[in-house]
Amino acid sequence: MIELNDVRKVFPARGRGPEVVALDGVDLTVRAGDFAGVVGPSGSGKSTLIRLVNLLERPTSGTVTVDGRVLTDLPADEVRRARSSIGMVFQHFELMDSRTAAANVEHPLELAGVGRAERRRRSGELLDLVGLGDRAQARPAQLSGGQKQRVAIARALAARPTVLLCDEATSALDQASTTGVLELLRRVRDELGLTVLLITHEMAVVKAVCDTAVLLEAGRVVDGGRLDQVLARGDSPLAAALLPAPVADHRVAGTLLRVTVTDTAPETHVLQVLVGRLGLDVEVAGGSVETVAGGRHGRLLLRVTGADQSGLDRALAQLRDDGSRVERVAAEVAR
Ligand SMILES: Nc1ncnc2c1ncn2[C@@H]1O[C@H](COP(=O)(O)OP(=O)(O)OP(=O)(O)O)[C@@H](O)[C@H]1O
Ligand SMILES: [Mg+2]
């Protein structure tokens, strides 16, 4: 479990520059075993937030609690010990180039005073877990980006953490390696029961692995929640960021309708009424539907022609009563 309460982080002014309020009253709860994402534009405070969780950075005010321990109240030596229950994975892997994969994985155990035989056993087991059992003696330069990140994940797991932090862990990887690393993160979460906090600027990453997410903007959490619930809300800025905005050619005639699709409000009912019952001509003018967090979510733009407008309005009111999420949109909005 990770909990941030009213966390502020102000970097003092340097030279003639102003002070920077990187985080401005952030509350965040990640339940044990959840895979949580933090998204937001560059400079919104994502890296600062994740570095606060293991106190690589201390908050200016507010508290950080991990697995029930208020880290911000602990003396320095206990913080160091508590940190061993938190693993971290970085964008650029941060492996030691002169050491083999196995020796990189063993490094945190060495620092913790674990004996050589036990270190060997543990690094072998972890490299097997991440699918690199046969590359134990390779050095980072001999490994691909995806393989390096797997070694870094194995290293992050060496001290048997309960929490894993990932700062842009796939941002330096190509699509295929990204998919592999995300699958691995999901699997280690499942198998080891970890709590994972991942920050990224890539919405596809959140959709692929996260159970929950928050959107940071200028150091504040502006939206968040369980992904299925967030995506079912029509007015959610995080949903708007996660699902591509439907685009329609505004020069073509007809009435545009926006349908928010969820498992409980599928587009089929809307189409049955408009096409089947009212006999209207309906075409899909834009949008997409995808499977996220185990459910179908999306936004579609439908172009309806040949409709009697008051009849259409009655049909839309009825559809909304039925639980469908459909509204008329002005052509300019649909671009
Ligand atoms: N050590 C520091 N000293 C001063 N300012 C800092 C420091 N670290 C971060 N900042 C500032 O805090 C703000 C948030 O930075 P942060 O690195 O957390 O953003 P981010 O969301 O991770 O961005 P990106 O997506 O580009 O990685 C920025 O304005 C940044 O310049
Ligand atoms: Mg960052």
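Note that the structure is predicted; figures quoted are calculated from it, not measured.

Novice: What's the story with the overall build of the protein chain in this structure? I'm lost.
Specialist: Within the protein chain one finds eleven helices and 14 strands. Referenced to the eigenvectors of the C-alpha coordinate spread, the extents of the protein chain come out at roughly 80 × 50 × 35 Å. Counting all 335 residues of the protein chain, 47% fall into the buried class. Within the protein chain, contacts between residues separated by at least 24 positions form 68% of all contacts whose residues are at least 6 apart in sequence. Counting only carbon and sulfur atoms, one obtains 49% of the accessible surface of the protein chain, whose full area is about 15800 Å². The distance from the centre of the 42 positive side-chain charges to the centre of the 43 negative ones in the protein chain is 5 Å.

Novice: Sorry if this is basic, but what is going on with the site of ligand 1 here?
Specialist: Near ligand 1 the following residues occur: Phe 11, Arg 14, Val 20, Ala 22, Pro 41, Ser 42, Gly 43, Ser 44, Gly 45, Lys 46, Ser 47 and Thr 48. Arg 14 places a polar side-chain atom, nitrogen or oxygen, 2.8 Å from a nitrogen atom of ligand 1. Take Thr 48: an N or O atom from its side chain is 2.6 Å from an oxygen atom of ligand 1. When contributions to the shell around ligand 1 are tallied by element, the ones reaching two or more residues are strand 2 (20–30) and helix 1 (46–53).

Novice: Please explain the pattern of salt bridges as it appears in this structure.
Specialist: Applying the stated criterion to the full structure yields 22 salt bridges. Between Asp 24 and Arg 8 there is a salt bridge, with its nearest N and O atoms 2.7 Å apart. Taken together, the positions of Asp 24 in strand 2 and Arg 8 in strand 1 (residues 2–11) put the pair 16 residues apart, joining distant regions of the chain. The partly exposed category is assigned to Asp 24, whose relative accessible area is 21%. On the basis of relative accessible area, Arg 8 is assigned to the partly exposed category, the value being 29%. Here Glu 191 ties to Arg 187 by a salt bridge, and the two come within 3.7 Å at their closest N and O atoms.

Novice: Honestly, the environment of Leu 256 in this entry has me stumped. Any pointers?
Specialist: By the secondary structure assignment, Leu 256 is in strand 11 (residues 255–261). With a relative accessible area of 4%, Leu 256 lands in the buried category. Along the chain, Leu 256 and Leu 302 lie 46 residues apart, while their C-alpha atoms are 5.6 Å from each other.

Novice: Sorry if this is basic, but what is going on with helix 3 (residues 101–111) here?
Specialist: Along an α-helix, residues three or four apart share an orientation, since each turn contains 3.6 residues. Residues of helix 3 that are buried: Ala 101, Ala 102, Ala 103, Asn 104, Val 105, Glu 106 and Leu 109. Tucked inside the fold, the buried residues of helix 3 contact helix 4 (116–129) and helix 5 (145–157). Just downstream of helix 3 lies Gly 113, where phi reads positive at about 80°.

Novice: Looking at this structure, I do not really get the domain arrangement of the protein chain. What am I missing?
Specialist: Often, the extent of an interface is quoted as the loss of accessible area on bringing the components together. Under the domain assignment, the protein chain is made up of domain 1 (2–239) and domain 2 (245–329). In this structure, domain 1 and domain 2 have C-alpha centres spaced 40 Å apart. Listed by partner, the interface residues are eight residues for domain 1 and eight residues for domain 2. Across the interface of domain 1 and domain 2, roughly 640 Å² is buried in total on both sides, 57% from carbon and sulfur atoms. When the area that domain 1 buries against domain 2 is broken down by residue, the three leading residues are Lys 207, Leu 231 and Ala 232, summing to 63%. For the pair domain 1 and domain 2, the interface holds one salt bridge. Between Glu 290 and Lys 207 there is a salt bridge; the shortest N-O distance is 3.1 Å. Put simply, domain 1 and domain 2 have two residue pairs in polar contact (both at pLDDT 80 or more) between them. The element contributing the most residues to the side of domain 1 that touches domain 2 is helix 8 (residues 227–232), with four residues. Grouping the constituent residues of the side of domain 1 that touches domain 2 by class yields four nonpolar, one polar and three charged.

Novice: Please clarify how the nonpolar core should be interpreted in this entry.
Specialist: Taken as a class, soluble globular proteins show a tendency for nonpolar side chains to be buried jointly. In this structure, Leu 127, Val 151, Ile 153, Leu 164, Cys 166, Leu 185 and Leu 198 are the most contacted members of the largest nonpolar core, which totals 50 residues. Here this core takes six residues from helix 5, the largest share from any one element. Setting aside anything within four residues of it in sequence, one finds Ile 153 in contact with Val 89, Val 130, Val 181, Leu 184 and Leu 185.

Novice: Would you take a moment to explain the environment of Gly 254 for this structure?
Specialist: The topology assignment puts Gly 254 in the loop between helix 9 (237–242) and strand 11. Looking at Gly 254, the relative accessible area reads 44%, which means it is partly exposed. Sequence spacing of Gly 254 and Ala 218 is 36 residues, and the spatial spacing of their C-alpha atoms is 40 Å. With near-sequence residues (within four places) excluded, Gly 254 lies in contact with Arg 303, Val 304 and Thr 305.

Cut-offs used in this document
Residues numbered from 1 in each chain as written. Chains lettered and ligands numbered in written order. Predicted model: local features only at pLDDT ≥ 70, side-chain atom pairs only at ≥ 80, totals over all residues. Heavy atoms only, no water. Helix = DSSP H or I, 4+ residues; strand = E, 2+ residues; numbered from the N terminus. Buried < 20%, exposed > 50% of the residue type's maximum accessible area, 1.4 Å probe, protein only. Contact = heavy atoms within 4.5 Å. Areas by Shrake-Rupley, 256 points an atom, 1.4 Å probe, with all protein chains shown as cover. Lys, Arg positive; Asp, Glu negative; His and termini not counted. Charge placed at Lys NZ, Arg CZ, Asp CG, Glu CD. Near = heavy atom within 4 Å. Polar contact = N/O pair within 3.5 Å; in protein donor to acceptor, adjacent residues only side chain to side chain. Salt bridge = Lys/Arg side-chain N within 4 Å of Asp/Glu carboxyl O. Domains from an automatic or database assignment. Buried area = accessible area lost by both parts, 1.4 Å probe. Nonpolar A, V, L, I, M, F, W, Y, C, P; charged D, E, K, R; others polar. Core = buried A, V, L, I, M, F, W, Y, C linked by side-chain atoms within 4.5 Å.

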